[in-house]
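Residue-level structural notes
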Amino acid sequence: MASIAQGKIVGVAERGVARYLGLPYAAPPFGRNRFLPPQPVRPWDGVRDAREFGPTVPMAPYRPPLDVILGETIVPGEECLNLNVWAPVEAQAAPVMVWIHGGAFRNGSGRREVYDGATFARDGVVCVTLNYRLGVEGFAHLPGAVDNRGLLDQIAALQWVRDNIAAFGGDPGNVTVFGESAGGMSVTTLLSLDLGLFHRAIAQSGAGHIAQAPEDALKVTTEIARRLGVTPDAAGLAAIDPWDVIPAQSAVATEIAGIPDPARWGPTTVANAMPFMPVLDGTLFTRRPIDAIAAGAGRDVAVLTGTTTEEFRLFLAPTGLTKLLTVDLAAGFMAAMGIDPAVAEVYRQGEPGDILCEVLTDFFFRVPAIRLAEARPAHTWMYEFAWASDQHGLGACHALELPFVFDSLVSGGGTELVGHHPPQDLANAMHHAWVAFATTGDPGWAPYDTDTRKVMVFDAPGTLVVQDPRSRERRRWDGLR
């Protein structure tokens, strides 16, 4: 049992780990609270049962075949702004890690099996995972409503950690925020805001170039509202149930990904290939994270950042698109996104689809991570996850590192993603590096600098520090990203 600001809770303790699940950090974001900033939780009487996961926020399932590869559990319910805590039994002033899930700001939750925080608690860390509002509910630019509601949810969860984590044996003065994909983008966005709510940050496959101009975000809102037959503002969307918004939201996301037309969707939408992301609202979020960080934001926070070697294969290989793309189609896709097709000339020879995967991996993920590291004067480390899955042509794709970071190959890895014989030694190495970083601020190899550009490469049968991997490709992006 534990006591937090809202009341008493009871969880479960097994094998030296206590878990408390489905704890609300904000009031249900429905009815009068819809499209508002996160509202306070009403305290409860008695003891709240915290032995089961809470509901997820409204979202669509992943489209095939990603639904099978990534998996998703969707559980409707009012108290969807909840978080989960795993703590060592009888912990005292333990380091804290707060996980922000990915999913392109449209999918995901803190309850996925792969995010089981018990392994971190086993190793002396209090681990927290959370939900935040997604899609239209969390990130659409709606005249008449506050912007960046999903980002405000993340901030509210971090404030809850600051105020309550000591009740679980965690140290509020030693908090590491970490996340992957949209979660990694959220981490760098939070880093750029200098909120003082965390002390270390890990951005996995998501750096600091994500920001949507409000005029571009309104184009997305307008099209979704047109399909729903309502006005493109908070009053119009409030007339539609959140779950009924999702089909139109998903259709627009598919169009943006398939036909990235900047004239229709706006250049900042197309450049990031997503309909929803943090919006430059002029108050909380005023410039791209990379620009704020280059100006000194977050300079006192130690940062670990990196990518997988073949990020974009997750999005093209399982559908067979890598085999269908021609040179002209690949060049046209790059040009629509503002990428000079001549960039592809420095990449290895191969099929157009495979080359496009390499270019987009660098454009969306690796080069932004490098720019993040370059923008910081010190206290920055880089990694690359290079081990390749033998499933669906994925290779070392986006999200493949997750079960290795969480050491959840058995419980949450999923054979459709990692195959039947993923290397446990690699999970041990990566997980322990994350624990070391959260505990001491040092993951176990030399920091990144622009002279040596040292990167820890996680692969099997062993890890290796490499100096300036794929330097030729990196230099081709100088001045372009």
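Here the structure is shown first, and the text comes after it.
Each value, and the rule that gives it
- Residues numbered from 1 in each chain as written.
- Predicted model: local features only at pLDDT ≥ 70, side-chain atom pairs only at ≥ 80, totals over all residues.
- Heavy atoms only, no water.
- Axes fitted to C-alpha atoms, helices over the stretch in contact; angles between N-to-C directions.
- Helix = DSSP H or I, 4+ residues; strand = E, 2+ residues; numbered from the N terminus.
- Parallel < 35°, antiparallel > 145°, perpendicular 65-115°, else oblique.
- Left-handed = near helix turned anticlockwise from the far one by under 90°.
- Contact = heavy atoms within 4.5 Å.
- Nonpolar A, V, L, I, M, F, W, Y, C, P; charged D, E, K, R; others polar.
- Phe/Tyr/Trp six-rings, centres within 6.5 Å; stacked < 30°, edge-to-face > 60°.
- Buried < 20%, exposed > 50% of the residue type's maximum accessible area, 1.4 Å probe, protein only.
- Lys NZ or Arg CZ within 6 Å of the ring centre and 35° of its normal.
- Expected span 1.5 Å × (residues − 1).
- Disulfide = S-S within 2.5 Å.
- Bend = angle between axes of the 7 residues up to and from the residue.
- Pairing = 2+ DSSP bridges.
- Right-handed = clockwise from strand over helix to strand, strands pointing away.

Description of the packing of helix 14 (residues 327–336) against helix 15 (residues 352–375)
- Two elements in contact, helix 14 and helix 15, have axes whose closest approach is 9 Å; the angle formed by their N-to-C orientations is 20°. In terms of their interaxial angle, helix 14 and helix 15 are classed as roughly parallel. Regarding helix 14 and helix 15, the two cross each other, and that crossing is right-handed. Contacts between helix 14 and helix 15 pair Val327, Ala330, Phe333 and Met334 from the former with Pro352, Leu356, Val359 and Leu360 from the latter.
- The residue makeup of the contact of helix 14 with helix 15, split by class, is 8 nonpolar, no polar and no charged.

What about the packing of aromatic side chains?
- Tallied over the entire structure, the rule returns 24 aromatic pairs.
- Taking the centre distance of 5.7 Å and the plane angle of 80° together, the rings of phenylalanine 120 and phenylalanine 178 count as edge-to-face. Pair noted here: phenylalanine 120 is in helix 2 (residues 118–122) and phenylalanine 178 is in strand 9 (residues 170–180), with a separation of 58 residues, a long-range link.
- Owing to a relative accessible area of 0%, phenylalanine 178 belongs among the buried residues under this scheme.
- Sitting over the ring of tryptophan 44, arginine 48 keeps its end group 5.2 Å from the ring centre.

Structural notes on helix 5 (residues 182–193)
- Look at helix 5: 17 Å from first C-alpha to last across 12 residues, which is about the 16 Å you get at 1.5 Å a residue.
- Judged by how many residues are buried, helix 5 sits mostly within the fold: 12 of 12 residues are covered.
- Every buried residue belonging to helix 5 is among Ala182, Gly183, Gly184, Met185, Ser186, Val187, Thr188, Thr189, Leu190, Leu191, Ser192 and Leu193, and all of these are buried.
- Following helix 5 by one or two positions, aspartate 194 adopts a phi angle in the positive range, close to 55°.

A few points about the state of the cysteines
- Throughout the structure, instances matching the rule amount to 0 disulfides.
- Cysteine cysteine 357 shares no disulfide, and the gap to the nearest cysteine sulfur, in cysteine 397, comes to 10 Å.
- Of the residues examined, cysteine 357 reaches a relative accessible area of 2% and is grouped as buried.
- Its relative accessible area of 0% is what places cysteine 397 among the buried residues.

Here we look at helix 15
- With 24 residues, helix 15 extends 32 Å between its outermost C-alpha atoms, agreeing within 8% with the 34 Å of an ideal straight helix rising 1.5 Å per residue.
- The sharpest bend along helix 15 comes to roughly 50°, located at aspartate 362.
- Burial analysis of helix 15 places 23 of its 24 residues in the buried class, the great majority of the element.

Concerning the pairing of strand 9
- Among the 11 residues that make up strand 9, 8 are buried, leaving the element largely enclosed by the rest of the structure.
- For strand 7 (residues 94–100) and strand 9, the ladder comprises 6 bridges, and the chain directions are parallel. The partner of alanine 94 across the bridge, within strand 9, is glycine 170.
- Relative to strand 10 (residues 200–204), strand 9 is paired through 5 bridges, and the arrangement is parallel. If you follow valine 177 over to strand 10, its bridge partner there is alanine 201.
- As for the winding sense of the linkage, the β-α-β connection from strand 9 through helix 5 to strand 10 is right-handed.

A short note on the sheet that holds strand 6 (residues 82–88)
- Pairing is mixed in the open sheet, where 11 strands are placed in the order 3-4-6-8-7-9-10-11-12-13-14. Every other strand in the sheet has two partners, leaving strand 3 (12–14) and strand 14 (464–467) as the edge strands with one partner each. Pairs of neighbouring strands in the sheet enclose a mean axial angle of 20°, with direction left out of account.
- Summarising the sheet, strand 4 (residues 17–24) and strand 6 pair through 6 bridges and their orientation is antiparallel.

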